[in-house]
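What follows is each chain in one-letter form.
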Amino acid sequence: MDILYATTVSLFVVVISFSLHLVFYKSKSAVKGKLPPGKKGWPIIGESLEFLATGWNGHPEKFVLDRMAKFSPQVFRTSLMLEDVAVFCGCAGNKFLFSNENKLVKSWWPSSVNKIFPSNQISKTEDLKMRKLLPNFFKPEALQRYVPVMDLVTQKHFKTGWEGKEQIVTYELTKNLTFWLACKIFLSVDEPERVRYLSSPFESISRGILSIPIDLPGTPFRKGINAANFIRKEIISIIKQRKIDLAEEKASPTQDILSYMLLFTNEDGVKMTETNIADKILGLLIGGHETASSVCVFVVKFLAELPEVYEGVYKEQMEIAKSKGSEELLNWNDISKMKYSWNVACEVLRLAPPLQGNFREAITDFVYNGYSIPKGWKLYWSSISTHKNPEYFPEPQKFDPSRFDGEGPAPYTFVPFGGGPRMCPGKEYARLEILVFMHHLVRKFKWEKLIPDEQIVVNPWPIPAMGLPIRLYPLKAES
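Residues numbered from 1 in each chain as written. Predicted model: local features only at pLDDT ≥ 70, side-chain atom pairs only at ≥ 80, totals over all residues. Heavy atoms only, no water.

Caption draft 1: A look at the nonpolar core. In this structure, Trp162, Phe186, Ile205, Leu285, Leu303 and Trp447 are the most contacted members of the largest nonpolar core, which totals 100 residues. By residue number, the principal contributor to this core is helix 14 (residues 274-305), which donates 15 residues. Not counting chain neighbours up to four residues away, the residues in contact with Ile205 comprise Ile116, Gly224, Ala227, Ala228, Ile231, Leu282 and Ile286. The next biggest cluster of nonpolar side chains, apart from the first, holds 18 residues, and it includes Leu52, Phe63, Val64 and Leu80. (Core = buried A, V, L, I, M, F, W, Y, C linked by side-chain atoms within 4.5 Å. Buried < 20%, exposed > 50% of the residue type's maximum accessible area, 1.4 Å probe, protein only. Helix = DSSP H or I, 4+ residues; strand = E, 2+ residues; numbered from the N terminus. Contact = heavy atoms within 4.5 Å.)

Caption draft 2: Highlighting the environment of Gly93. The residue Gly93 is located in helix 4 (residues 90-99) in this model. Classification of Gly93 as buried rests on a relative accessible area of 0%. Residues Gly93 and Asn369 lie 276 residues apart in sequence; the distance between their C-alpha atoms is 9.5 Å.

Caption draft 3: Local environment of the pattern of salt bridges. By the definition in use, this model includes 31 salt bridges. A salt bridge links Glu163 to Lys444; the nearest nitrogen and oxygen atoms lie 3.2 Å apart. Of the two residues, Glu163 is situated in the loop between helix 8 (147-161) and strand 4 (167-169) and Lys444 in helix 19 (residues 427-444); the sequence distance between them amounts to 281 residues. Using a relative accessible area of 24% as the deciding quantity, one classes Lys444 as partly exposed. Among the ionic pairs, Glu305 bridges to Lys301, the shortest N-O distance being 2.9 Å. Taken together, the positions of Glu305 and Lys301, both in helix 14 and 4 residues apart, correspond to about one turn of that helix. When its relative accessible area of 33% is taken as the criterion, Glu305 is described as partly exposed. (Salt bridge = Lys/Arg side-chain N within 4 Å of Asp/Glu carboxyl O.)

Caption draft 4: Structural context of the sheet that holds strand 5 (residues 357-362). Taken together, 5 strands build an open sheet; the order of strands is 1-2-8-5-3 and the sheet is mixed. If you trace the sheet from one side to the other, it starts and ends with strand 1 (75-80) and strand 3 (105-107), each paired once. Here the average twist between neighbouring strands, direction ignored, is 35 degrees. Where helix 3 (residues 61-70) meets the sheet, its contacts fall on strand 1 and strand 8 (378-382), and the angle it forms with strand 1 comes to roughly 135 degrees. Helix 4 rests against strand 2 (83-88), strand 3, strand 5 and strand 8 of the sheet, and its axis sits at about 130 degrees to strand 8. (Pairing = 2+ DSSP bridges. Axes fitted to C-alpha atoms, helices over the stretch in contact; angles between N-to-C directions.)

Caption draft 5: Seen up close, the pairing of strand 1. Burial within strand 1 is extensive, with 6 of its 6 residues counted as buried. Neither face of strand 1 is open: one carries Val75, Arg77 and Ser79, the other Phe76, Thr78 and Leu80, and all of them are buried. Note: strand 1 against strand 2, 6 bridges, orientation antiparallel. Of the residues in strand 2, the one forming a bridge with Ser79 is Asp84.

Caption draft 6: Spotlight on the pairing of strand 8. Among the 5 residues of strand 8, 5 are classified as buried, and the element is accordingly described as predominantly covered. In strand 8, alternate side chains face the same way, and those of Lys378, Tyr380 and Ser382 on one face and Leu379 and Trp381 on the other are all buried. Pairing of strand 2 with strand 8, which is carried by 4 bridges, proceeds in the parallel orientation. Its bridge partner being in strand 8, Phe88 is matched across the sheet by Trp381. By the bridge criterion, 5 bridges tie strand 5 to strand 8 in an arrangement that is antiparallel. Within the sheet, the bridge partner assigned to Asn358 lies in strand 8 and is Trp381.

Caption draft 7: Representation of the packing of helix 12 (residues 220-247) against helix 14. Running from N to C, helix 12 and helix 14 point in directions that differ by 115 degrees, and their axes come no closer than 9 Å. The handedness of the crossing between helix 12 and helix 14 comes out as right-handed. On helix 14, the residues that touch Ala228, Ile231, Arg232, Ile235, Ile236, Ile239, Lys240 and Lys243 of helix 12 are Glu274, Thr275, Ile277, Ala278, Asp279, Ile281, Leu282 and Leu285. Residue classes in the contact of helix 12 with helix 14 are distributed as 10 nonpolar, 1 polar and 5 charged. (Left-handed = near helix turned anticlockwise from the far one by under 90°. Nonpolar A, V, L, I, M, F, W, Y, C, P; charged D, E, K, R; others polar.)

Caption draft 8: Structural context of the packing of aromatic side chains. A full pass over the atoms with the stated rule returns 25 aromatic pairs. For the pair Phe96 and Phe366, a centre-to-centre distance of 5.4 Å together with 40 degrees between the ring planes defines the contact as tilted. Separated by 270 residues along the polypeptide, Phe96 in helix 4 and Phe366 in strand 6 (residues 366-368) bring together distant segments of the chain. Residue class for Phe96 comes out buried when judged on its relative accessible area of 16%. Relative to Phe230, the ring of Tyr197 has its centre 5.5 Å away and its plane inclined at 70 degrees; by these criteria the two rings are edge-to-face. Residue Tyr197 is found in helix 10 (residues 192-199), and its partner Phe230 is found in helix 12; the two are separated by 33 residues along the sequence. For Tyr197, a relative accessible area of 39% translates into the label partly exposed. The ring of Phe63 carries Arg67 above its face, with NZ or CZ at 3.8 Å from the centroid. The residue whose ring lies beneath Lys301 is Phe302, and the NZ or CZ to ring-centre distance is 4.4 Å. (Phe/Tyr/Trp six-rings, centres within 6.5 Å; stacked < 30°, edge-to-face > 60°. Lys NZ or Arg CZ within 6 Å of the ring centre and 35° of its normal.)

Put into C-alpha cells, the structure is as follows:
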C-alpha cells in the first residue's frame, strides 16, 4: 500500500516537475572541463525517483551498479534530491572523499533533512565542536559502564517480547529493543509506556529524511516534518526537567548524553540551545535505533538461513555464558571475546548496510579521475560500490564471516559507518547493542522464517518487507 501510494505521488511529482521545467528552467552556465559521464534524468527531480524506487523494490544496489557498468566504475553523474550529483565509486572514490573532508569537500544534507532538523544548518565551527563532544561519550572507555545496562534492558526485552511466543514479527521487536536502549542511555528514560509513546512517530521521520522535499499534505516529507516537531517538543520538555534535576542535584552530570550536552560550553562559555540539543538528540535516537534494529533483524534472517553460522555464534556465546554466574551481567571483557559473533555482524553489515551512502558538497572546483567536479556540486559515496563488488569481496553474495578474520577487508572497502573525520561516532555503541542482542538471541532460541523468500525493501533502511515473521523454538537452559 505504501509503495502504491508512493508511486502515485511520484507520478504526480513528475508531471508537476515537468511543467515547472517548461516555465521556469534556466540552463546553467557552461562548466570548464569534461564532466563525469552519466545522465540527469527528469527535469528538476532528476533521477531521484529511480534512486528511491530501486530501494522500495528491494534492489538498492541496482541504481549504482548499473551506472557504474554503463558510464564509469570510478565516478558518474546524475541528479538527485534536486541537485547535480557526482557519485564516487569504489575504494578509490571512498578514500578520496573521506580524505578530503574540509579540504575539497564538506558535509551536505538534502533539503528534506534540513527541514526536518532545522538546527542541522549550523556553522562548520559548531559542527566540529559537536563532533568532538560525541566521541567523548561514545569512545570505548566511556561506553564500558553501559554494557551491564544494555544487558539488563535486553534481558527484559526478551522476557516481555519473545518468551512464551510461538511466532513473532522480528523487526517490530528489534525496533522496540534498540529504541528502548537509546532512550535509556541517551535520555535515562526507560518506563515502557513513555518509551512506546516516544517511539510511535519515528517511522514517519525516517521515511521523510530521504524523501523528495515536496511539502504537501499527506506526503512522506510533510509527515516527517510533523513527526519531528512532535518529538522535538517532547524532548524539550525532558530537557527542561533535566535542567531542574541537575540544579537540584537529582541528576548526574555524567549519567547520559543529555547531561553532557546541557553542560557542554564552547570557548566563549556559550551553551547549546534547547532546540539544538533536541535536534541532536533526535538525530541520535534515529541513528541509535533505526540502523541497529535493521542490523539485528538481518542477523536473525541470516542465522535462520545458515545453521552452521548459527552454531558458531551459539558455541561462542555459550562459552561466555558458562564463564559467568547465573545472575552476573555482561561486561566489557565479555564483549571483547565475541570475535566470531562480530565477524558475523560485520558480514551482515556488508550485505545489508543500514547506511547505503551519504552526501558531500564540493567546496572548490577540482578534477577527479580526469573529470571536472564544479564547486557546489553534491557528491555521493555508496557502500554498495565496494560491499557488493567482486573486486574487493570475491563471491560478494556469499555470506562468509571469515572475510573479517585477521586484518579484515582492505581499507576503504568496508564502510558501513562511513569513514574519515565524519565516520559515524556511534560505531562502538552499535557494536555493543548488536552483540548483546546476539548473546541472548542464540542462547534462548532457534527459529525458522515463515516467509522463505521475503522481499527486502529500503526506505531508507533495509528491512524485510513483512518485518521477518519467524517461528520460535525455545532452547532449554544449560547448566
